[in-house]
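Fold and geometry: a report
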Amino acid sequence: MLQKVVVTGGLGYIGSHVVVSLLLTGQYQPIVIDNCLNSYPEALNRCAEIARDEMGSDAPQPIYHNVDLRNAEAVEDAFAQYDNKGGIWAVIHLAALKAVGESGEIPLSYYKTNVAGSISLFESMERHGVNNLVFSSSATVYGTPEIVPIPETSPLLSASCYGRTKAMVEEIIQDLCRAQKKDGQSSLRAVSVRYFNPAGAHPSGKLGEEPRGKPGNLLPLLAQMAIGREKSQLKIFGTDFPTPDGTCVRDYLHIMDLAHGHVLALDALAVPTNQKNIFSNCDAENGPFRAFNLGKGKGMSVLNMIEAMRKATGYDYQYEIVDRRRGDVPDLTADPTLAEKELGFVAKKDLEEMCRDLWNFQTKNPHGFETPQKQTGTI
Ligand SMILES: O=c1ccn([C@@H]2O[C@H](COP(=O)(O)OP(=O)(O)O[C@H]3O[C@H](CO)[C@H](O)[C@H](O)[C@H]3O)[C@@H](O)[C@H]2O)c(=O)[nH]1
């Protein structure tokens, strides 16, 4: 029987690629919980279609619950549906608000969705005996790191409200992992995956990044400019950073590499406790909690990325240089050695493939997921 894995935020950019990766293993049954606040239900049809294309008509299909994590009762109802169907084995928790700039304008919404929403989820997990968790964290938790490439031991000193919500949820999870339960129940086992900058799309061109409204992130913005959907001029937020060309450096990795990192995290959680596993060296003080960077370990500047997208699209980007964006830090490049050593994670796909797949998705879906004639299949 397939292991049931709840994927919160499973319709979003990262979540939908994680769902595809889970389906393609043939081992996991993804159960998506999403409220479509910043995503489209069409993403689920696309996941199902890719699975059928690659695995045939017997391919597993995703299950969907339209649930907002801030609604604790609705979360509870969704979990309860699986109690007499073998139960849920693990949760991959991605659902969150995620814009660094916006988080400084509406901090309460960020705390309510990202922190309070996580607590509702963890309560339902506890009630239903779900003890395996993969948490979607972010490189933003490191703030302005002293050491680059950044090791996981770097202190969590985020410069933004968004980053602090992620760091707080990591703390909550760690407390749940170290909890000594009186009734003898086992505590939570958790892997926090700290993402660097995911980009690109599924190579089929059926799935990609489709935010609602104007994209705030660099790569989807460059793709939408090249297709003519985004008409405003590109603004580069600062050229006075202490980096080789003065623009910010980020560690961009292909979305399918990142998605595969989640499968590896689940596989690590599946190793029986009586065998050597990623928690073998965890002491009682910390409990079974591990954090891993998911990055490529290669820094690219904003100007490098514009040039890479120019090569992929043929579009001649014009830009103006404006002031720094609040919360941006000069260089977020991962030290990915721990994830490689312990999870077997390697971001294999290169920059060219990342930009090519992004452009392939954008040209096949110039209007994104909303165009009626582009809708395919049903769940
Ligand atoms: O119009 C734009 C948009 C972005 N940038 C620059 O491009 C770089 C990358 O910016 P993104 O917004 O694409 O990505 P961030 O690194 O700011 O943030 C992303 O990666 C983080 C982890 O590194 C978090 O996970 C966060 O949620 C996610 O949006 C930054 O230097 C930014 O200043 C521009 O110059 N102009």
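Residues numbered from 1 in each chain as written. Predicted model: local features only at pLDDT ≥ 70, side-chain atom pairs only at ≥ 80, totals over all residues.

1. So, the site of the ligand
Taken together, 21 residues sit near the ligand, with Ser138, Asn217, Leu218, Phe237 and Cys248 positioned nearest. Elements with a contribution of two residues or more to the shell around the ligand: α7 (218-227) and β8 (234-237). Sorting elements by how many residues they give to the shell around the ligand places β8 first, with 3 residues. When its residues are assigned to classes, the shell around the ligand shows 11 nonpolar, 5 polar and 5 charged. (Near = placed C-beta within 6 Å. Helix = DSSP H or I, 4+ residues; strand = E, 2+ residues; numbered from the N terminus. Nonpolar A, V, L, I, M, F, W, Y, C, P; charged D, E, K, R; others polar.)

2. Describing helix α6 (residues 161-178)
Here α6 is 18 residues long and its end C-alpha atoms lie 26 Å apart, about the 26 Å a rise of 1.5 Å per residue gives. For α6, the full list of buried residues reads Cys161, Tyr162, Gly163, Arg164, Thr165, Lys166, Ala167, Val169, Glu170, Ile173 and Cys177. Each element contacted by the buried residues of α6 is listed here: α4 (100-103), α5 (107-127), β5 (132-138), β6 (189-195) and β11 (289-294). (Expected span 1.5 Å × (residues − 1). Buried ≥ 20, exposed ≤ 12 C-beta atoms within 10 Å, placed from the backbone. Contact = placed C-beta atoms within 7 Å.)

3. A look at the nonpolar core
Counting residues in each nonpolar core, the largest one holds 104 residues, and the members touching the most others are Val5, Cys47 and Ala90. If one sorts the elements of this core by residue count, helix α8 (residues 255-270) sits on top with 10 residues. Residues contacting Val5, with those up to four places away along its chain left out, are Leu22, Tyr28, Gln29, Pro30, Ile31, Trp89, Ala90, Ile92 and Leu266. (Core = buried A, V, L, I, M, F, W, Y, C linked by C-beta atoms within 7 Å.)

4. Here's the deal with the sheet that holds strand β12 (residues 300-301)
Taken together, 3 strands build an open sheet; the order of strands is β12-β9-β14 and the sheet is mixed. What marks the edges here is a single partner per strand, and that holds for β12 and β14 (331-332). Bridge count between strand β9 (residues 249-250) and β14: 2 bridges; the pairing is parallel. Bridge pairing links Arg250 to Leu332 in β14. (Pairing = 2+ DSSP bridges.)

5. Some points on the sheet that holds β5
Sheet architecture is open: 7 strands sit in the order β3-β2-β1-β4-β5-β6-β11, paired in parallel fashion. Edge positions in the open sheet fall to β3 (63-66) and β11, since each of these has one partner strand only. For this sheet the average axis-to-axis angle between neighbouring strands, irrespective of direction, equals 20 degrees. Examined bridge by bridge, strand β1 (residues 3-8) and strand β2 (residues 28-34) share 6 bridges and lie parallel to one another. Bridge pairing in β2 places Val5 opposite Pro30. (Axes fitted to C-alpha atoms, helices over the stretch in contact; angles between N-to-C directions.)

6. Things to note about the packing of α5 against α6
Two packed helices can be described by the angle between their axes and the distance between those axes. For the pair α5 and α6, interaxial distance at closest approach is 9 Å and the crossing angle is 20 degrees. Relative to α6, the element α5 is oriented roughly parallel. Helix-helix and strand crossings are classified by hand; for α5 and α6 the assignment is right-handed. Here Pro107, Tyr110, Tyr111, Asn114, Val115, Ser118 and Phe122 of α5 come into contact with α6, specifically with Cys161, Tyr162, Thr165, Met168, Val169, Ile172 and Leu176. Classifying every residue of the contact of α5 with α6 gives 11 nonpolar, 3 polar and no charged. (Parallel < 35°, antiparallel > 145°, perpendicular 65-115°, else oblique. Left-handed = near helix turned anticlockwise from the far one by under 90°.)

7. Quick notes on the environment of Pro151
Mapped onto the elements of the fold, Pro151 is located in the loop between β5 and α6. C-alpha separation for the pair Pro151 and Thr337, spaced 186 residues apart in sequence, amounts to 8.4 Å.

8. Some words on the pairing of β3
For β2 and β3, the ladder comprises 4 bridges, and the chain directions are parallel. Looking at β3, one finds that Ile33 is bridged to His65.

9. Some details on helix α2 (residues 42-55)
Taking 1.5 Å as the rise per residue, α2 with 14 residues should run 20 Å; its terminal C-alpha atoms sit 20 Å apart, in good agreement. Those residues of α2 that fall on the buried side of the exposure criterion are Glu42, Ala43, Leu44, Arg46, Cys47, Ala48, Ile50 and Ala51. Check the buried side of α2 and you find it contacts α1 (13-25), β2 and β3. After α2 finishes, the residue Gly56 shows a positive phi value of roughly 85 degrees.

10. Concerning the packing of α1 against α8
Contact geometry for α1 and α8: axes closest at 8 Å, N-to-C directions at 60 degrees. By the angle between their axes, α1 is oblique relative to α8. α8 is crossed by α1, and the crossing has right-handed handedness. For the pair formed by α1 and α8, the contact residues are Ile14, His17, Val18, Val20, Ser21, Leu22 and Thr25 on the first element and Ile255, Met256, Leu258, Ala259, His260, His262 and Val263 on the second. The residue inventory of the contact of α1 with α8, partitioned by class, reads 9 nonpolar, 5 polar and no charged.

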